[in-house]
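# Report on the structure
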Amino acid sequence: MRFAALEELGRAAILLTAEFGRLASFAARVVRSTVTRPLRIGSFIDELYKLGVLSVLLICVSGLAVGMVLALQGYKSLVRFGAEQSLGALVGLSLVRELGPVLTALLVTGRAGSSVAAEIGSMVATEQLDGLRMMSIEPIGFVVRPKALAMLVVMPMLTALFIVSGLAGAYFVGVKRMGVDGGWFVSGFRSAVDFHDDVLQALVKSLAFGALAGLIATYRGFTSAPTSEGVSAATTSTVVVGSVSLLVLDYALTALWGVGR
Amino acid sequence: MEFEGRVIIRDLSCEMARGKISVVLGGSGSGKTTLLRLMAGLLEPTAGRILVDGEDITRLSETRRAAVRRKIGMMFQAGALLDSMTVFENVALPLREHSSMSRLHVTEVVDDRLREVDLLDIEDLGPKQISGGMVKRAALARAIIEGPPILLCDEPFSGLDPVSTRRIEALLIALNQRHGMTMVIVSHHVRSTLRMADRILLLLPDAIVVGTPRELLQSTDPRVVSFLDEDRPFEGRAPEVERLPVLAPRSKARRR
């Protein structure tokens with residue numbers, strides 16, 4: 001009985017290792033395709049629109065709401081210690097260092113990542129990728145690369161938009177509703193947020209999240225079973241695996257950044 | 001060839017004659033499409049060799065295999081046209097990818113092909129906006145746009161009405177006669193097969209029968225006879241009438 005459990009564990013470990021190997025090999029093929037011609041700029045711009053522009057409203061509204069909640073909760077805590085003038089610093093640091101990159105990545109994975117997986121998955125199910133292979137067109141370069149690259153590029157932009165929206169929401173609630181001094185709010189934010197420590201960290205995180213989200217979404221779609229069930233499983237696993245991986249990567253990057261500084 | 005421990009094709013050795021139309025016939029699940037995908041290099045056989053123009057494609061890298069595929073056009077069962085492109089763009093894609101033709105020249109060549117398959121008037125529509133027969137014809141136009149010497153067709157007549165079936169049939173025969181294309185067609189459409197095939201491979205559950213349409217029609221093997229004779233009455237045990245579901249009278253169903 002004990003050996004059977006051990007066998008199961010071993011089998012699961014082998015399957016997981018094999019999956020990581022396949023993912024790494026897929027990532028290497030995507031990276032290699034980025035230096036291969038033709039560059040397919042038109043497809044890349046189309047994907048920037050689909051993944052980036054179509055996510056703008058979601059990011060703005062979410063950022064605004066998160067900023068407003070942060071300001072409300074922050075004000076309630078700070079006012080107990082008579083430190084409400086630090087609201088700008090609190091909200092700014094929370095948004096720039098952590099909430100901006102992480103929440104943007106989770107939102108984009110849920111909206112754009114799942115649609116990327118579903119689109120590629122349905123191309124697998126309808127033999128469109130095999131059709132490309134039969135025309136001697138490499139599906140990784142034709143389908144996957146523009147989507148993965150677009151995800152990498154839009155993530156920092158959407159993160160910046162999320163942070164700005166969040167700050168606007170926090171300013172509105174803190175200054176207009178709670179009566180915090182506007183000058184204190186802005187100067188608190190400016191003195192607390194450091195470019196190298198905070199803004200650069202946010203940029204690095206959002207780039208890493210963009211690469212990871214793009215890779216997982218395209219990989220899941222590309223390796224999905226050629227059935228409608230397969231497409232559905234690819235979409236679900238993109239959101240689940242993508243979200244968990246992003247949170248684990250977030251911890252790793254934050255810890256490494258602390259060690260490095 | 002096996003999938004997840006289930007043998008699909010075993011001990012198959014055959015040759016598709018150059019410049020001829022070979023049709024692979026067989027029932028559902030007999031491995032026809034698997035055989036075609038093996039020939040196209042889209043599947044790896046568990047064992048054995050597949051020679052295309054003398055080159056063993058099972059031993060080639062994906063890059064080298066892509067070069068061999070330039071000699072092969074493939075018409076997929078559901079067309080496999082790219083949803084994000086119009087019919088024109090789908091047909092033009094191989095030329096845009098592999099040739100240095102000018103935009104104008106590409107348009108001329110694509111229009112010629114679309115005229116050949118009688119789709120010139122719908123070239124700006126997407127694959128979702130046209131009928132199944134049109135999708136098949138567009139897929140055929142895309143498969144032959146670069147004039148490959150070999151054409152593989154997966155169920156080109158499935159889901160088509162008799163008129164569309166005859167139309168695709170005539171197109172394939174014309175392509176074979178005009179360009180000397182070697183064709184391998186997978187089908188379970190017996191009448192079309194008998195009309196157009198130079199050679200038939202009949203995949204039976206435990207054997208493979210190869211011959212010309214005449215040879216197969218003259219066969220006395222009961223499995224061959226029952227497969228080829230579509231009009232032969234069903235000889236198995238008929239379902240018991242009592243067990244069939246009782247349908248509501250039509251008038252009542254309408255009122256609902």
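About the criteria used
Residues numbered from 1 in each chain as written. Chains lettered and ligands numbered in written order. Predicted model: local features only at pLDDT ≥ 70, side-chain atom pairs only at ≥ 80, totals over all residues. Heavy atoms only, no water. Pairing = 2+ DSSP bridges. Helix = DSSP H or I, 4+ residues; strand = E, 2+ residues; numbered from the N terminus. Axes fitted to C-alpha atoms, helices over the stretch in contact; angles between N-to-C directions. Parallel < 35°, antiparallel > 145°, perpendicular 65-115°, else oblique. Left-handed = near helix turned anticlockwise from the far one by under 90°. Contact = heavy atoms within 4.5 Å. Nonpolar A, V, L, I, M, F, W, Y, C, P; charged D, E, K, R; others polar. Salt bridge = Lys/Arg side-chain N within 4 Å of Asp/Glu carboxyl O. Buried < 20%, exposed > 50% of the residue type's maximum accessible area, 1.4 Å probe, protein only. 1 Å grid on protein atoms, 1.4 Å probe; cavity = no way out; pocket = protein on both sides within 12 Å on 5 of 7 lines; lining within 4 Å. Points joined across faces, edges and corners; volume = space filled by probe spheres on them. Buried area = accessible area lost by both parts, 1.4 Å probe. Polar contact = N/O pair within 3.5 Å; in protein donor to acceptor, adjacent residues only side chain to side chain.

## Some words on the pairing of strand β10 (residues 207-211) of chain B
Residues and elements named next belong to chain B. Relative to β10, strand β9 (residues 199-204) is paired through five bridges, and the arrangement is antiparallel. Counted as the bridge partner of leucine 202 is valine 209 from β10. Where β9 folds back on β10, the antiparallel hairpin that results is connected by two residues.

## As for the packing of helix α3 (residues 87-98) of chain B against helix α4 (residues 103-116) of chain B
Residue and element names in this part refer to chain B. Between α3 and α4, the least distance of the axes is 10 Å, while the angle of their chain directions is 125°. Classified by the interaxial angle, the pair formed by α3 and α4 is oblique. Of the two elements, α3 crosses α4, and the hand of that crossing is right-handed. Listed contacts from α4 to Val87, Phe88, Val91, Ala92, Leu95 and Arg96 of α3 are Val106, Thr107, Val109, Val110, Asp111 and Leu114. A class-by-class count of the residues in the contact of α3 with α4 yields nine nonpolar, one polar and two charged.

## Here we look at the pattern of salt bridges
All names here are of chain A. One pass over the full model with this rule turns up 31 salt bridges over all chains. Note that glutamate 119 and lysine 50 form a salt bridge whose closest N and O atoms lie 3.7 Å from each other. Placement of the pair is glutamate 119 in helix α4 (residues 87-125) and lysine 50 in helix α2 (residues 41-52), with a sequence separation of 69 residues. Here glutamate 119 falls in the partly exposed class, since its relative accessible area comes to 29%. It is possible to trace a salt-bridge network through shared partners that takes in Glu47, Lys50, Glu119 and Lys147.

## Notes on the sheet that holds strand β3 (residues 21-26) of chain B
Residues and elements named next belong to chain B. Taken in spatial order, the six strands line up as β6-β7-β8-β3-β9-β10 in an open sheet, and their pairing is mixed. Across the chains shown, the open sheet's two edge strands, defined by having one partner strand only, are β6 (72-75) and β10. For this sheet the average axis-to-axis angle between neighbouring strands, irrespective of direction, equals 15°. Sheet analysis places strand β7 (residues 150-154) next to strand β8 (residues 182-187), joined by five bridges and oriented parallel. Looking across to β8, one finds that leucine 151 is bridged to methionine 183. Along the sheet, helix α5 (residues 132-144) contacts β6 and β7; its crossing angle with β6, the most-contacted strand, is approximately 175°.

## Let's talk about the layout of surface pockets
Its volume calculated, the largest pocket comes out at about 1100 Å³. Lining the largest pocket are 33 residues, and of these Cys14(B), Met39(B), Arg49(B), Ile50(B) and Leu51(B) sit closest to its centre. At the level of secondary structure, the elements contributing two or more residues to the lining of the largest pocket comprise α1 (32-39), β4 (51-52), β7 and β8 of chain B. No other element matches α1(B), which puts three residues into the lining of the largest pocket. When grouped by side-chain class, the residues that make up the lining of the largest pocket number 20 nonpolar, five polar and eight charged. Its volume calculated, the second largest pocket comes out at about 930 Å³. Lining the second largest pocket are 26 residues; nearest its centre among them are Asp130(A), Arg133(A), Arg37(B), Leu42(B) and Leu43(B). Listed by contribution, the elements that provide at least two residues to the lining of the second largest pocket are α1 (2-33), α4, α5 (128-134) and α8 (195-222) of chain A together with α2 (62-69) of chain B. Take the lining of the second largest pocket: its biggest share by element is four residues, from α1(A). When the residues that make up the lining of the second largest pocket are grouped by side-chain class, the tally is eleven nonpolar, four polar and eleven charged.

## Points about α1(B)
All names here are of chain B. Most of α1 sits inside the fold, with seven of its eight residues counted as buried. Residues of α1 that are buried include every one of Lys32, Thr34, Leu35, Leu36, Arg37, Leu38 and Met39, and no others. Glycine 41 sits one or two residues past α1 and shows a positive phi near 80°.

## Considerations on the interface of chain B and chain A
Bring the parts together and some accessible area is lost; that lost area is often taken as the interface size. With 22 residues of chain B in contact, the opposing surface of chain A contributes 16 residues. Of the roughly 1600 Å² buried where chain B meets chain A, counting both sides, 61% is carbon and sulfur surface. Among the ionic pairs, Arg37(B) bridges to Asp130(A), the shortest N-O distance being 2.4 Å. For the pair chain B and chain A, the number of links is six residue pairs in polar contact (both at pLDDT 80 or more).

So, to be careful, I would describe these as geometric facts and stop short of saying anything about function.
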